Amino acid sequence: MSDKPTQEDLQHVTLEHQKCEGTSCKVELVGATISSFKIMGHEMLFVSKKAYCEEEKKPLRGGIPIVFPQFGPGKIKQHGFARLCRWKMPVMPTVNPQTGDVDASFVLVPNDFSKAMWPHDFALVYRVILKHSCLAVQLQVKNTDSEPFTFTSCLHTYFPVDDISKATVKGLKGSSYIDKVDEGKTKVESDDPVMINGRTDRVYTNVKNDIILGDGGNASLLLKSVNFDDIVVWNPWSEIAKSMSDFDDEEYKTMICVEPGATKPIVLAPGETWTGKHGITLLLPDTKL
Ligand code: BG6
């Protein structure tokens, strides 16, 4: 018998940039959830200190859980099954010898759990590329069924902030949004930057601009998407925080979710593939855009 670890033993995969010390990312095989992204030792993602993750039961409260095939509540479980299923990494990560960037891909195909919720045949491929000051991800949805199917999706990204009352989200002015904390009314954003001062759950649709997230301190992140045309901004604030078993009562003060989404149903014909891309880049204080 061999003691060599198998795919089934693997809980997570750590990618380490080969030219930039302390730049790394960690991908949990349950959900292919990125649970850490560090640039030169500094953590760029928020994970609750009470977070835990259990296959088919509990998604991680933090990092970047993948929402598929349904964003939000609906016919199936809230945010779908992809964040709950165990994904596979079919081949070892590769390194670009020139740049030191690391590239890994994770795959999900139907299993009994997904089939019980959603009968379709599909293949998801999630490519994660760790660059020296950027995390670039790509989600491919392929219809391997003989019938068309419809899906929505989102990369439910949790960011840490120094102080939620000072955090800023730039780039949303002029976009329409569905205000989920005000009876789902459609409104138009007049603020730039958007700041958070209470429970916030908004789906900004057809966002034309890149987003710049300021953490309330000195750091800013540039969020750039292709085909994730919507941006969800979520902070549970104090009351909801208290009701969440996997989130500390005070943690709403130090996190924000800014989630690239494809929340308008996408129809894929048999054989068709949809690809959504997203990049998170650390902006240095003197960066000119
Ligand atoms: C956001 C939704 O994307 O996710 C919110 O807009 C939801 O309505 C939040 O509360 C968290 O969802 P969950 O299922 O991870 O608790």
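These numbers come from a predicted model, not from an experiment.

Conventions used here
Here, residues in each chain are numbered from 1, in the same order as that chain's written sequence. In keeping with the model being predicted, local features are shown solely for residues with a pLDDT of at least 70 and side-chain atom pairs are shown and tallied solely at 80 or more, while totals for entire chains, interfaces and linings include all residues. Think of the side-chain values as coming from all heavy atoms in the structure, minus any hydrogens and water. Here, proximity means that at least one heavy atom of the residue falls within 4 Å of the molecule or strand. Pairs of N or O atoms within 3.5 Å make up the polar contacts considered here, provided that, within protein, one atom can donate a hydrogen while the other can accept it, and that residues adjacent in sequence are counted only when both atoms are side-chain atoms. Method for areas: the Shrake-Rupley scheme with a 1.4 Å probe, in which residue coverage is limited to the protein chains shown. Asp, Glu, Lys and Arg are counted as charged, while Ala, Val, Leu, Ile, Met, Phe, Trp, Tyr, Cys and Pro are counted as nonpolar; the rest, among them Gly, fall into the polar class. Secondary structure counts use DSSP, requiring at least four H or I residues in a row for a helix and at least two E residues in a row for a strand, with both numbered from the N terminus. Contacts were defined at the residue level, with two residues in contact if any of their heavy atoms lie within 4.5 Å. In plain words, nonpolar cores are sets of buried Ala, Val, Leu, Ile, Met, Phe, Trp, Tyr and Cys residues tied together by side-chain atoms within 4.5 Å. Each residue's exposure class comes from its accessible area (1.4 Å probe, protein chains only) as a fraction of the maximum for that residue type: buried when under 20%, exposed when over 50%, partly exposed otherwise. By the convention used here, strands pair only if DSSP detects at least 2 bridges between them. The rule for a salt bridge is simple: a side-chain nitrogen of Lys or Arg has to be within 4 Å of a carboxyl oxygen of Asp or Glu.

Trainee: Even after reading the chapter, I still don't get the site of the ligand, so can you show me in this structure?
Mentor: Around the ligand, the neighbouring residues are Arg 61, Phe 71, Gln 78, His 79, Arg 83, His 156, Lys 180, Asp 201, Val 232, Trp 234 and Glu 259. Measuring from an oxygen atom of the ligand, one finds a side-chain N or O atom of Gln 78 at 3.0 Å. Here an oxygen atom of the ligand and a side-chain polar atom of Lys 180 are 3.1 Å apart. Against a free-state accessible area of 390 Å², the protein chains account for coverage of 84% of the ligand. Taken together, the residues of the shell around the ligand break down into three nonpolar, three polar and five charged.

Trainee: Would you explain the environment of Asn 206 in this entry?
Mentor: Within the secondary structure, Asn 206 is located in the loop between strand S15 (200-205) and strand S16 (211-214). Sequence separation between Asn 206 and Lys 187 is 19 residues, and the spatial gap between their C-alpha atoms is 13 Å. Setting aside residues no more than four positions away along its own chain, Asn 206 makes contact with Asp 229 and Asp 230.

Trainee: Would you explain the nonpolar core in this entry?
Mentor: With 66 residues, the main nonpolar core has Trp 87, Phe 106, Tyr 126 and Ile 256 as its most contacted residues. Setting aside residues no more than four positions away along its own chain, Tyr 126 makes contact with Ala 32, Ile 34, Ile 64, Ile 66, Trp 87, Ala 104, Ser 105, Phe 106, Val 137, Gln 138, Leu 139 and Leu 155. Counting residues in each nonpolar core, the second largest holds nine residues, with Met 244, Phe 247, Tyr 252 and Met 255 among its members.

Trainee: I would appreciate a short explanation of the sheet that holds strand S1 (residues 12-16) in the present structure.
Mentor: Adjacent strands of a sheet form backbone hydrogen bonds with each other and so pair up, either parallel or antiparallel. With respect to topology, four strands assemble into an open sheet ordered S1-S2-S3-S4, the strand pairing being antiparallel. With partners counted over all chains shown, the strands left at the sheet margins are S1 and strand S4 (42-43), one partner each. When S1 meets strand S2 (residues 24-28), the two strands line up antiparallel, connected through five bridges. Within S2, the residue paired with His 12 across the bridge is Glu 28.

Trainee: Got a minute to help me understand the pattern of salt bridges in this structure?
Mentor: Working definition: two side chains of opposite charge can pair if their charged atoms are close together. All told, the structure shown has 13 salt bridges when counted by the stated rule. With a closest N to O distance of 2.8 Å, Asp 121 and Lys 115 form a salt bridge. With relative accessibility at 37%, the residue Lys 115 sits in the partly exposed group. A salt bridge links Glu 239 to Lys 242, with the nearest nitrogen and oxygen atoms 3.6 Å apart. Of this pair, Glu 239 and Lys 242 are both found in helix H2 (residues 237-243), three residues apart, which corresponds to roughly one turn of the helix. By relative accessible area, which is 55% here, Glu 239 ends up exposed. Judged by relative accessible area, which is 51%, Lys 242 ranks as exposed. Each of Asp 179, Asp 182, Glu 183, Lys 185 and Lys 187 takes part in salt bridges that share partners, so that together they form one network.

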